[in-house]
Amino acid sequence: MNLRNHAPASGTTGSLDLAGIGIGPFNLSLAAQLDSVPTLQAKFFERRPRFDWHPGMMLPDVELQSSFLKDLVTSTNPTSPWSFVAYLVAHKRLFTFLNAQYDAVPRREFARYFEWVAENLDNLHFGADVREISHDGHEFVVSTTGGRYRTGNIALGVGTSPSLPAWAATLPNDVCFHCSDAMERLSDVSTSRIAVIGGGQSGGEIVQYLLSRERLPSSLRWISRRHNFEPINDTPFSNQVFSPEYVDAFRRLSDERKLAAFGSHILTSDGLSLSTINAIYRRLYALRHLEARSPDIELLPNRDVIQVERQHDRFRLIIRNGFDGGIEIVPADILVLATGYKFKLPDAIAPLQDRIVVDRNERLVLADDYSAAWDGPRQNRIFALNAGRYSHGIADSQLSLMAWRSATIINALLGRDHFDLELPQPVVRWSSELQHSNQAVSL
Ligand SMILES: Cc1cc2nc3c(=O)[nH]c(=O)nc-3n(C[C@H](O)[C@H](O)[C@H](O)COP(=O)(O)OP(=O)(O)OC[C@H]3O[C@@H](n4cnc5c(N)ncnc54)[C@H](O)[C@@H]3O)c2cc1C
Ligand SMILES: NC(=O)c1ccc[n+]([C@@H]2O[C@H](COP(=O)([O-])OP(=O)(O)OC[C@H]3O[C@@H](n4cnc5c(N)ncnc54)[C@H](OP(=O)(O)O)[C@@H]3O)[C@@H](O)[C@H]2O)c1
């Protein structure tokens, strides 16, 4: 099925206006938003054979952490055929979806929505690994396993890479692995002693999954550096950080103030869903008191794993307890590292790496329109998606503002306001300077 009904985009001297590297939700949003702009010629390239959203973490019963209205397009283009509601209607399940009264949409359902959009846009190429991105003095040259393309601009939508503790670098990866491999690796380790390291949502989902299986691990330790197993801060004023008005205010801060603001908002994004916390707590209750099982399970917050030793196929974790200052030893057979993710430039961009500006923390320097500073021609831009947590705020790595960011990039490409991105009057006034003309009037 193909819902497109506009005329084919007219090319510019045979080359593209935009090449998208990677097709996760963020570049998929850009592709879906570009569907309303037939004058721009774009192609997107993904190494996977089809769209697949974090397959290694698609555990049973996992839920979306954001509203389904924060889909690929709706916040700037509510009449797009690529909204989540359009998906429900196309699949004749709008009323059953509404009647299901989900507090949070199953992540599998949102992944199917993404897959449906990906199957129906005709500018996406799957099974196309981007191997090299260079610049010939006039435009970019993108080499993929499916062909070479010339393009005026590129959009890096390659996602983030596992962030691993230094001590994990030399440990065997069949028994010490990042949670992004959980589906594959956890299938046959039920009898082992397992330590899950990381108290964010990924760690919580792994622990919930391990506790839900009939065969429990012979021991389970959940280790978090945070003071406690902290919930996501999902309340109206906190959620203002997921608004374009907040991004606008955040952009004006100095780097030091950005870092401070970022730290104070971390739990709006990286805390545990209440449903995950409740499910874990209630499962522990049931195991202890209703099923009269005595599983060997310990929850260890405020702990930093400072060293890991490997002895006779076993791990020995040396841990500092931040609550009382003690040092503890935890034995384990399997380590699951739910230690987060970080942005990294793809290897394919090596020919341009020295020309791309980074700050003192090795992060890209992004403009308001998400283009990265580099020493090439100004008309050839490198847009970076999911690289701006510290420059555009905590929403950058979440789904919440992806449709808005895509619209911002498209307006920049066109050099005119195809999408109306005028900011609404903020509910909360973050800045001391006046940000908004409406506000000036109301004062
Ligand atoms: C398990 C999990 C659940 C999440 N759930 C939510 C949620 O409910 N709500 C929310 O707001 N946020 C959520 N997030 C945060 C964020 O929305 C997601 O991480 C999202 O997938 C980021 O999209 P992305 O397009 O940047 O990256 P990704 O989804 O990682 O996609 C990047 C794609 O690029 C491809 N690629 C990389 N390099 C190349 C190359 N050289 N050539 C071709 N292809 C390449 C990869 O194969 C991949 O498919 C979640 C994060 C995780 C880890
Ligand atoms: N269903 C869903 O919607 C879903 C599922 C999974 C993830 N997500 C989202 O994806 C993003 C990433 O989540 P995530 O849980 O993978 O990562 P995360 O939120 O960054 O959490 C990683 C955790 O690991 C800890 N950690 C890092 N290094 C450590 C070390 N050496 N020793 C001990 N602890 C260490 C961190 O501690 P510090 O806090 O001290 O740094 C942090 O608590 C989040 O925004 C999350 O909301 C969503």
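Each chain has its residues counted from 1, running along the sequence as written. Chains and ligands are labelled by the order in which they are written, letters from A for the one and numbers from 1 for the other. Confidence filtering applies because this is a predicted model: local features only for residues at pLDDT of at least 70, side-chain atom pairs given and counted only at 80 or more, and all residues used for totals across whole chains, interfaces and linings. Only hydrogens and water are set aside; all other atoms, that is, all heavy atoms of the structure, feed into the side-chain values.

Regarding the site of ligand 2
Filter applied, for reference: If even one non-hydrogen atom of a residue comes within 4 Å of a molecule or strand, that residue is called near it. In protein, a polar contact means a hydrogen-donor-capable atom and an acceptor-capable atom, both N or O and within 3.5 Å, with residues adjacent in sequence counting only if both atoms are side-chain atoms; elsewhere, any N or O pair within 3.5 Å suffices. To be clear on the numbers: accessible area is Shrake-Rupley with a 1.4 Å probe, and residue cover counts the displayed protein chains and nothing else. A run of H or I in DSSP becomes a helix once it reaches four residues, and a run of E becomes a strand once it reaches two; helices and strands are each numbered from the N terminus. Throughout this entry, Asp, Glu, Lys and Arg are counted as charged residues, while Ala, Val, Leu, Ile, Met, Phe, Trp, Tyr, Cys and Pro are counted as nonpolar. The remaining residues, Gly among them, count as polar. Segment limits for the domains were obtained from an automatic or database-derived domain assignment.
Every one of the 21 residues lining ligand 2 counts as a neighbour, but E63, Q65, S202, E205 and Q398 are closest to it. Within the backbone of Q201, an N or O atom sits 3.2 Å from an oxygen atom of ligand 2. Contacts to ligand 2 include R225, whose side-chain N or O atom sits 3.0 Å from an oxygen atom. Contact with the protein chains hides 80% of the accessible area of ligand 2, taken as 910 Å² for the molecule alone. Broken down by secondary-structure element, the contributors of at least two residues to the shell around ligand 2 are α6 (201–212) and α9 (266–270). If you tally residues by element for the shell around ligand 2, the top one is α6, at three residues. Considered class by class, the residues forming the shell around ligand 2 number four nonpolar, ten polar and seven charged. In terms of domain composition, the shell around ligand 2 takes at least three residues from each of domain 1 (16–160 + 343–437) and domain 2 (162–232 + 271–337).

Concerning the packing of helix α7 (residues 244–251) against helix α8 (residues 255–264)
Selection criterion: Comment: axis = line fitted to C-alpha atoms, over the contacting stretch for helices; angle = value between 0 and 180 degrees taken between N-to-C directions. Throughout, a contact is declared for two residues whenever any of their heavy atoms are within 4.5 Å.
Orientation of α7 relative to α8, taken along the N-to-C sense of each, is 145°, at an axis distance of 10 Å. Contact residues: Y246, F250 and R251 in α7; K258, A261 and F262 in α8. Of the residues that constitute the contact of α7 with α8, the class distribution is four nonpolar, no polar and two charged.

As for the layout of surface pockets
Our working definition: Definitions used throughout: a 1 Å grid over protein atoms alone; a cavity as a set of points that fits a 1.4 Å probe which cannot get out; a pocket as an open set with protein on both sides within 12 Å along at least five of seven lines; a lining residue as one with an atom within 4 Å of a point. Grid points are joined across faces, edges and corners, and a volume is the space filled by probe spheres set on the points.
Computed from the structure, the second largest pocket encloses a volume of approximately 580 Å³. Along the wall of the second largest pocket there are 23 residues; nearest its centre are L64, Q65, S66, A104 and D234. No fewer than three residues from each of domain 1 (16–160 + 343–437) and domain 2 (162–232 + 271–337) sit in the lining of the second largest pocket.

Focus: the packing of aromatic side chains
For the record, the criterion: When the centres of two rings from Phe, Tyr and Trp lie within 6.5 Å, Trp using its six-membered ring, the rings pair. Their planes under 30 degrees apart give stacked, over 60 give edge-to-face, and anything left gives tilted. Placement of a charge over a ring requires the Lys NZ or Arg CZ to be within 6 Å of the ring centre, with the centre-to-atom vector within 35 degrees of the ring normal.
Applying the stated criterion across every chain, the model contains 21 aromatic pairs. Grouped by ring-pair contacts, the aromatic residues F51, W53, F68, W82, F84, Y87, F97, Y102, F110, Y113, F114 and W116 constitute a single cluster. Looking at R363, its charged tip hangs above the ring of Y390, at a distance of 3.5 Å from the centre.

What to know about the sheet that holds strand β11 (residues 297–300)
Here is the rule: DSSP bridges decide pairing: two strands pair if at least two such bridges lie between them.
The five strands lie next to each other as β8-β15-β9-β10-β11, forming an open sheet whose pairing is parallel. A strand with exactly one partner marks an edge of an open sheet, and here the two such strands are β8 (176–178) and β11. Strand after strand, the sheet turns through a mean of 15° between neighbouring axes, direction not considered. Pairing geometry for β8 and strand β15 (residues 334–337), over three bridges, is parallel. Paired with C176 across the strands is L335, a residue of β15. Against the sheet, α6 makes contact with β9 (193–197), β10 (219–223), β11 and β15, and its axis sits at roughly 165° relative to β10, the strand it touches most.

Concerning α8
Rule in force here: Three exposure classes are used, based on accessible area relative to the maximum for each residue type with a 1.4 Å probe and protein chains only: buried under 20%, partly exposed in between, and exposed over 50%. It is the directions from the helix axis to the C-beta atoms whose arc is reported.
Residues of α8 that are buried include every one of K258, A261 and F262, and no others. End-on view of α8: buried residues confined to an arc of 100°, all on one side of the axis. Facing away from the buried surface of α8 by more than 90 degrees, the exposed residues are E256, R257, A260 and S264. Of the surrounding elements, those touching the buried residues of α8 are α7, α9 and α11 (389–392).

Considerations on empty space enclosed by the protein
Empty space among the atoms can be located by rolling a probe the size of a water molecule over them. Within the structure shown, the criterion is met by one cavity of 30 Å³ or more. Looking at the largest cavity, its volume works out to about 50 Å³. Lining the largest cavity are V247, Y370, H392, A395, D396, Q398, L401 and R405. In terms of residue class, the lining of the largest cavity is built from four nonpolar, two polar and two charged.

Re the environment of N120
Note on placement: N120 falls in helix α4 (residues 107–120). Sequence separation of N120 and I297 is 177 residues, and the distance between their C-alpha atoms is 46 Å.

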